[in-house]
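An overview of the molecular structure
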Amino acid sequence: MEPKFSPYYVSKAKFIGNGIPTQDIQIETIRKNLNAYTMSNIALNSYAKLGGTAWTIEKEDKLKDELIIGIGSTVTDEGKYVLGIAQVFHNDGRYMTGDCSPLSTFENYAENLENHLYKTLKPLVEQMNSSGKFRLIFHLFKSASEKYEIRAVNNLQKRFANYDFEFALVHLGYGHNFRFYYNDGKNDVKQGTYLQLSANTALLHFVKNSDLPLKIDIDKRSSFTSLFYLAKQIYWFSHLSHRSYIPSKRTVTIMYPSLMARITEELKKVDGWDYERLNAVSDKLWFI
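Residues numbered from 1 in each chain as written. Predicted model: local features only at pLDDT ≥ 70, side-chain atom pairs only at ≥ 80, totals over all residues. Heavy atoms only, no water.

All right, on to the overall build of the protein chain then. Within the protein chain, the secondary structure is distributed over 7 helices and 8 strands. Across the 288 residues of the protein chain, 50% fall into the buried class. In the protein chain, 67% of the contacts between residues at least 6 apart in sequence involve partners at least 24 apart. Put simply, the protein chain shows about 14,600 Å² of open surface, and 49% of that area lies on carbon and sulfur atoms. (Helix = DSSP H or I, 4+ residues; strand = E, 2+ residues; numbered from the N terminus. Buried < 20%, exposed > 50% of the residue type's maximum accessible area, 1.4 Å probe, protein only. Contact = heavy atoms within 4.5 Å. Areas by Shrake-Rupley, 256 points an atom, 1.4 Å probe, with all protein chains shown as cover.)

It is worth spelling out helix α1 (residues 7-17) at this point. Taken together, the buried positions of α1 are Tyr9, Lys12, Ala13 and Ile16. Buried residues of α1 fall within an arc of 100 degrees about the axis and therefore sit on the same side. Of the exposed residues in α1, those oriented more than 90 degrees away from the buried face are Pro7 and Lys14. Turning to α1, the residues buried within the fold contact α3 (36-49) and α7 (252-267). (Arc of directions from axis to C-beta.)

Our focus in this paragraph is α3. Within an α-helix, residues lying three or four positions from one another point in the same direction, as the helix has 3.6 residues per turn. The end-to-end C-alpha distance of α3 is 20 Å, a good match for the 20 Å that 14 residues give at a rise of 1.5 Å each. Those residues of α3 lying buried are Thr38, Ile42, Leu44, Asn45, Ala48 and Lys49. Along α3, the residues classed as buried sweep out an arc of 160 degrees about the axis, all on the same side. (Expected span 1.5 Å × (residues − 1).)

Within strand β4 (residues 133-140), 7 of the 8 residues are buried, which leaves it mostly tucked inside the rest of the structure. Summarising the sheet, strand β1 (residues 66-75) and β4 pair through 6 bridges and their orientation is parallel. Counted as the bridge partner of Glu66 is Arg135 from β4. Examined bridge by bridge, β4 and strand β5 (residues 164-173) share 8 bridges and lie parallel to one another. Looking at β5, one finds that Ile137 is bridged to Ala168. The parallel pair β4 and β5 is bridged by helix α5 (residues 146-159), and the resulting crossover is right-handed. (Pairing = 2+ DSSP bridges. Right-handed = clockwise from strand over helix to strand, strands pointing away.)

Structural measurements only, silent on function.
Here is the structure:
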């Protein structure tokens, strides 16, 4: 069904326009999958949209002022990439801002990324400690580019000239030919299995019953390049979700911007919808 005729998208568009996050629960789904997992996931999703934080991630000594920024994408009906950018998380897994990510094509991606990061990070950075030092870790759905991410970060450093920050550009992807097997494939690979391939590249496994590991690539132009530290952080972020208690193949830092981009592309097809309506939920988290 086309979005403009879909009760789901029309209702979501109307509620978002009035600053109200929604959770669609269909009785057919409950009857078909009535079990503890289904009810727990529904409760988790509803709790997150009400503003709750179900859990954070592993507690260990980390740089206090460290933010993780997720950039994901979707593909339109015409086969064109649309990017959802700048979901900002604290390193303990807390979702830090509900400010809506702008949608970008590659033509305006670098400029939108820079401006949105500055707007989003400025109040967060000002709340940080007086040392003026912090770290930004970017989780990217693609390899970093001089034309896009590097350009945005370089310009951001100029705009934050009074601060001292380091950054890591990390590509998280499954588009590779590597596979993990244990005991000739007779046993499952243990979650958390880590294999370093080079100084900046590693494989990480966290999905049960799968032989496909996540490939982690740190861009060599990054100023922070601790591969094992970043791999551990990515592993724990795979356990963070507003939808399920089961670890996901994609970290929430990539999944949520992609989901936001996809749904917003669908909402654009609803009569009377425009992107500015998302401003009504700028103070909400997990509103999609």
